[in-house]
Structures are given as C-alpha cells and as structure tokens.
Amino acid sequence: MSSHHRITVRTSARVAALLVASVLAACASPGAKQDADVANLPADPNALVLGAEMALQRGQYLEASQAYLRAAQATNDEELAEQATRVAHEHRQWTVVQAAAERWLELNHTNEEARRFAAFAALHLYRINTAAEHLGILLDTAFINPQAGFLALLPQLADEGSSSGVTAVLRQLIVKYPEVTEAHYALAQAASQSDNLKLAMEHARKARELGPFWAPAGLLLARMQMLTGDSDGALATAKQVLEQDNQDSHRLEYALMLMQAGKEEEGRKELSALANSESTGTVVERALADIDFQLGNRDSAAQRFSNLVSSGRFVYESLFYLGAIAEGRDSLEDASQIYGRVTGGEFAMAAQTRLARIKAKQEGVEAGLKHLEEFGATRPQYRIETITARANLLSSNGDKAGALALLDQALKAYPDAVELRFARIFQLESSDKVDEAIADLRKLVADRPNDPSATNALGYTLVDRTRHHKEGLELIEQALAETPDSGAVLDSMGWALHRVGRDQDALNYLEQAKRRINDPEVDLHLGEVLLALDRKADALDVWKKASERYPENDKIKQRLEKLN
C-alpha cells in the first residue's frame, strides 16, 4: 500500500483477499451507471483502498477511481482524498475527480490544488457555473493579485478544457474584473481559439486600452486585426509595440505578420536579421520551416526541420513534419521510422495515427490496431485518443461493427470521455443507425448545455438525416451564436439553409466556411447549392478541384460522375 495512506490495515491476508474480490466485483458491472457502481461498493475503507490498488494494477481505472472516492468519503483522511482526486484525474474520470476534489475541499477548504482539480473537472464536464465559481475563488486567494492569476490560469485552462468552455468560463469571470487588463487579454485569447473573432477583438481592444504599454496586449490586438482582415491596422499596431519595446521576440511577431500580409520580401528580411539572435534563432528557423512546408518547398523545409531536431528545439513537431514529407514522397519506411520517434507532445497522436495507417496498409489492419493499442497502453495521457484512432481505422477499413463494439467497451471504462461519445455517434450515423445517433446526441446536449460542438452536431444530423429541419436550424443558430467563425458550424448553417430552400443565403455561409477550413464536406455542400442556383459550371469547378485535393473521397467522385 502507498506510504501516504494513514489507514492502518490489520485485516488477515485471507480476509483481505475476499474484500478485494468483493470490491472489484462491485466495480465491474459493465454498463452500470457510475452512481450505482459506487453505491454497491463495500463501506470498509481498508477494503476499498486495497481494491482500488488492485484495480489499478489490472487496468480497471474507473473501478479504482470509484473505490478510492468511496474510501475518501468514508474517512476524514485528507491525503486519501488527494490520492482519490489525483488517480481519477490521471485516468480522466471527470465525475469522480469532481466528487473527490469536493471531498478534499470539505476536509480542507483552503487547499488550492483541490480547488484547481474541482474547477478543471467541472470544465471537462462542461459545468461552466461550477468551474467559474471555483476559479473565482482561486483568483481571489491563490495568487498575489488577480492579474497574475489570469495569466497563470490561462494556459492551464487551455490544457484542460475545450476552447468554447474556457471562453464561457472567462466570460463569467470578467464580470467581476472589468478593469483588469489580463482578464480581457485571457478572454480575447480564448475567444480567438473558440472561433469568436468579434468577441476576441472586443476584449483585445479593451486589454490594449487598459494596458497601452503592455506589449502582449498590443501584439494580441495586432493578431486579431490580422485575423479579421485588417492587415494595415495589424502592422501599425505591431509597429507601435516595437516602438515601445523593441525585443527580438516582438520583432519576430512583426516579421511573421508582414509575411501574412503578403509582404514576403520585407518579412523574410526581418526574419533573416533575427536568425542569428540567441533568443529567437531557433524560433525563426521553425517559422521558416513552416512557411517552406506550407508553400510546398519540401526540400528546404526538410533541411530546416532537420536542423531543429539537431538543435534539440521543437523536436517532436519537426519530426512529425519530416515524417509527413517522407510520406508525401512515398518513402513509407522512412516515414514509419520518423513517426515512431514522435512519442510525446501535441503531435504524438497525429504521428502515431499516421504510422498505424501505414502499418495497416503494409501489414494488415491488425498491425495498425496493435500499434495504437500498445502506444496507448504505455502512455495513459493518450489512451482515449488511441481508442478513437483504432475505431477510425476499423471503420475506414470496412469494419463499422468492430468500431462500434470497441467504442461501446471503451465508454464503459471512460464514461465521461466526450471524445468517445462523439466518436460513437459518428460511427452510428455512418452506419445508418440515425435514430440511435440522434438519441445519443440529445443526451449529449442535455449533459453539456450550450456546448456548441454538441449543439451543432445534433442540429446538423437533424437537418441532414431527418425531416426535422426547423429544429436542426434552430440548434445550429445557437451554436453559431457561440462560435460565429467556426468553419464547421458555418458549413452546417449553409447546409441547413439549403435544406429549407434558402439557397442564396446558404451560399454565403458555405463560401465563408470554405475560407475558414479545408474539408471535402464543405466542397460537396457548396457544389450542391451552386447546382440548386443553376450554376452548374461553378459546381463542376468546385468538385473538380476538390477531387484533386481529396483523390480518395468517394462522395466527390460519385457527384462528379453523376454531374458529367
């Protein structure tokens, strides 16, 4: 037993074994609700702790989390409440995290870590009011001042919650701090990530107004101006920042904005001047590598990414792009070797998914599935993502039933994983189990009210697969109010308007969506609307270009053949 537990276990070995067995049996009822599982657990904290540790060893993470929680609730041991919280958080059991953290706070209401866990769990569950309440207390008590609190919490919130959830929480918090520059800065950052550029611009301007000499606020405003199409205003704002604080990092941002504004020669000149700077040299190399990659200059990009790997900076990101370059050249052995080295960071799952796809192509689907399973088994932070990747691999190779079975089993182990719930809904819909998909979507919307991802998904499915077009359109309008610049939601809105016969309005939304995202579904919808407007040549042009970008997309092929 872990040394930090203060519960003394005096049970005989034989009795302890029986207690452990009873704990695991109580926890192992497949498909039962979490509260029912917890209610069936024994009351003895000794047995519960033993059972929890045994469950962890067996990979039964939900059962372990529930047993630790019940033990914490049965004692006044603060360290046990902390252990229950940390175990549940590590294994992404958000309902248990919240309950364990609340128990921890009952035992020590001033503990800042407990309050962070409670806030983050609520954010994962899209319980916005609860998350905002806990974060508000942290801002008042855990930092030297609220300004420092907003800056410290922003990256943590981004790691823990969805962008729309973080935005919703910050919109509540800012009511209490209307004159805090950093509060507006944080909300502007979050709103930008959640595709609400009007909101982002509003609060970026306010942050700049309140902090006219704070460079981060000025640069954020410049980025928002660039994103909303005001490149001249963006460059002017960035130049003002440089006049106030001519740091190399600020000059780098200005150089990249020049490139984005189409002033490539000026931008490259600025980047070249910064290339030898100790503080920005590798960041410049990374920026130039990315630019070369996006422009299709793959040889130059490969050299720059190789330089970054050698320097020890941005290693996983650089390896991912080197793997993508090798894959694009059909050097699959090289690509596999490179992708295999991307074992951490934000590019890990993309790399491992591509590697699994290559293995499936070369050695069979089972090889790809095995690779993903082994990767997830040794890295719990990616376990849920590897499950969804395995389901997608099964589905893309024709085994939709296998994908559904995998997701059904996974949801028993991770009932709070919204990623798995969305993945299952997608598999149901693609398997023409539309009624079941809609039922699950309605439950998801009920569980996560005002989550635009859930609302949009339900609205789009109703519009696309049923005759409930009016209800679907209303749901999509709700999602669009939260994320008005989301390419996915703009596409949904365009398709909904087409389905109710408003094709000219639909065209406007679909053209906006196409400017936001590259997605074959948007091209399909745009072509259909153009046809409805008697613009056959334009529809043909859209689908021909889409077929070149997405040569393996069967829907586009079929529409082109039918149109011809």
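Residues numbered from 1 in each chain as written. Predicted model: local features only at pLDDT ≥ 70, side-chain atom pairs only at ≥ 80, totals over all residues. Heavy atoms only, no water.

## Digging into the overall build of the protein chain
- Check the secondary structure of the protein chain and you find 33 helices and zero strands.
- Since a compact globule built from 564 residues should have a radius of gyration of about 24 Å, the 26 Å found for the protein chain is in line with a globular shape.
- Reported as C-alpha extents along the three principal axes, the dimensions of the protein chain are approximately 80 × 60 × 50 Å.
- Here the protein chain holds 564 residues, and the buried ones make up 51% of them.
- For the protein chain, the proportion of contacts with a sequence separation of at least 24, taken over those separated by at least 6, is 52%.
- By element, 47% of the accessible surface of the protein chain is carried by carbon and sulfur atoms, the whole surface being about 26,400 Å².
- Taken as two groups, the 63 positive and 81 negative side-chain charges of the protein chain have centres that lie 2 Å from each other. (Helix = DSSP H or I, 4+ residues; strand = E, 2+ residues; numbered from the N terminus. Rg over C-alpha atoms; globule rule 2.2 N^0.38 Å. Buried < 20%, exposed > 50% of the residue type's maximum accessible area, 1.4 Å probe, protein only. Contact = heavy atoms within 4.5 Å. Areas by Shrake-Rupley, 256 points an atom, 1.4 Å probe, with all protein chains shown as cover. Lys, Arg positive; Asp, Glu negative; His and termini not counted. Charge placed at Lys NZ, Arg CZ, Asp CG, Glu CD.)

## Overview of the nonpolar core
- Core analysis: the biggest nonpolar cluster contains 41 residues, and Leu123, Leu135, Phe150, Leu157, Val169, Leu170 and Leu173 have the highest contact counts within it.
- Elements with a minimum of two residues in this core: helix 7 (112-124), helix 8 (128-141), helix 9 (146-160), helix 10 (163-173), helix 11 (181-193), helix 12 (197-210) and helix 13 (215-227).
- The element contributing the most residues to this core is helix 11, with seven residues.
- Aside from chain neighbours lying at most four places away, what touches Val169 is Leu123, Ile128, Ala131, Ala132 and Leu135.
- Ranked by size, the runner-up nonpolar core spans 30 residues in total, among them Leu473, Trp495, Ala546 and Leu563. (Core = buried A, V, L, I, M, F, W, Y, C linked by side-chain atoms within 4.5 Å.)

## Side note on helix 15 (residues 248-260)
- Taking 1.5 Å per residue as the helical rise, helix 15 with its 13 residues ought to reach 18 Å, and the 18 Å between its terminal C-alpha atoms agrees with that figure.
- Of the positions making up helix 15, those classed as buried are His250, Leu252, Tyr254, Ala255, Met257, Leu258 and Met259.
- Here the buried face of helix 15 lies against helix 13, helix 14 (231-244), helix 16 (264-274) and helix 17 (281-294).
- Positive backbone phi, approximately 90°, marks Gly262, located one or two places after helix 15. (Expected span 1.5 Å × (residues − 1).)

## Considering the environment of Ala437
- Among the secondary structure elements, Ala437 is positioned in helix 26 (residues 434-447).
- Of the residues examined, Ala437 reaches a relative accessible area of 0% and is grouped as buried.
- For the pair Ala437 and Ile174, spaced 263 residues apart in sequence, the C-alpha separation works out to 37 Å.
- Apart from residues lying up to four places away in sequence, Ala437 is in contact with Ile425, Leu428 and Glu429.

## Some points on the packing of helix 30 (residues 503-516) against helix 31 (residues 520-532)
- With their axes 10 Å apart at the nearest point, helix 30 and helix 31 run at an angle of 150° to one another. If you check the angle between helix 30 and helix 31, you find them roughly antiparallel. In this structure, helix 30 crosses over helix 31, and the sense of that crossing is left-handed. In this structure, helix 30 contributes Asp503, Ala506, Leu507, Leu510, Glu511, Ala513 and Lys514 to the contact, and helix 31 contributes Val522, Asp523, His525, Leu526, Val529, Leu530 and Ala532. (Axes fitted to C-alpha atoms, helices over the stretch in contact; angles between N-to-C directions. Parallel < 35°, antiparallel > 145°, perpendicular 65-115°, else oblique. Left-handed = near helix turned anticlockwise from the far one by under 90°.)

## Digging into the confidence of the model for the protein chain
- Predicted confidence across the protein chain gives a mean pLDDT of 92, with 92% of residues reaching 70 or more.
- When the criterion is pLDDT under 50, residues 1-21 qualifies, and its contacts beyond four places in sequence or with other chains add up to 35 contacts.
- Contacts for the low-pLDDT stretch residues 27-33, under 50 throughout, to residues beyond four places or in other chains number nine contacts. (pLDDT = per-residue confidence, 0-100.)

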